[in-house]
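# Inside the fold
Letter by letter, the chains look like this.
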Amino acid sequence: MKKIDWKSKLTSRKFWAAIVSAAASIAVAFGAGDGTVAQITAIIMAGATVIAYIIGEGLVDASRNKSETDKTETDTAKTDAEQKEDVTGKTIDEKSDTPSETASTPESKQNCD
């Protein structure tokens, strides 16, 4: 038996149209007036709108948080893998294994004063 994807169902306009149609048909079958059927339809559609909005915003937030987390982890891994400091405090680029010219050393700090 196939598992039902409720997240997809609850955000589907076709699903809610079917629910409204079924509820309206049942109300008419039991002799409810036009005003009552209209109220039932309005209540169901209002609830469906709120449910769809909440689920949609939750999915957007989850997606945004995941992409921000992935980006941060990738940036951190690149920084750690590409740079090291040698014993003098100079930054060494692992790709070339040479100290960078922009490294902060005691001599370069004195020249700035």
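In what follows, the structure referred to is the one given above.
None of the values given here were measured: they were computed from a predicted structure.

### What to know about the packing of aromatic side chains
By the definition in use, this model includes 1 aromatic pair. A ring pair is formed by F15 and W16, whose centres lie 5.3 Å apart and whose planes are at 80°; its orientation type is edge-to-face. Classification of F15 as partly exposed rests on a relative accessible area of 23%.

### What about helix 2 (residues 13-29)?
The end-to-end C-alpha distance of helix 2, which contains 17 residues, comes to 24 Å, matching closely the 24 Å that a straight helix rising 1.5 Å per residue would cover. The complete set of buried residues in helix 2 reads W16, V20, A23, A24 and A27. The arc that holds the buried residues of helix 2, viewed along the axis, is 100°, so those residues lie on one side. Exposed positions of helix 2 whose direction lies more than 90 degrees from the buried face are K14 and A29. Among the residues of helix 2, the N-terminal cap falls to S12, whose side-chain oxygen and the backbone nitrogen of K14 are separated by 3.3 Å. One or two positions beyond helix 2, positive phi appears at G31, with a value near 85°.

### A look at the pattern of salt bridges
Under the defined criterion, the tally for this structure stands at 1 salt bridge. For the salt bridge of D61 with R64, the shortest nitrogen-to-oxygen distance reads 3.2 Å. Linking D61 with R64, this pair stays in helix 3 (residues 34-82), spanning 3 residues, or about one helical turn. Owing to a relative accessible area of 34%, D61 belongs among the partly exposed residues under this scheme. Judged by relative accessible area, which is 43%, R64 ranks as partly exposed.

Calculation notes
Residues numbered from 1 in each chain as written. Predicted model: local features only at pLDDT ≥ 70, side-chain atom pairs only at ≥ 80, totals over all residues. Heavy atoms only, no water. Phe/Tyr/Trp six-rings, centres within 6.5 Å; stacked < 30°, edge-to-face > 60°. Buried < 20%, exposed > 50% of the residue type's maximum accessible area, 1.4 Å probe, protein only. Helix = DSSP H or I, 4+ residues; strand = E, 2+ residues; numbered from the N terminus. Expected span 1.5 Å × (residues − 1). Arc of directions from axis to C-beta. Polar contact = N/O pair within 3.5 Å; in protein donor to acceptor, adjacent residues only side chain to side chain. Salt bridge = Lys/Arg side-chain N within 4 Å of Asp/Glu carboxyl O.

Everything listed is a geometric property; what it means functionally is a separate question.
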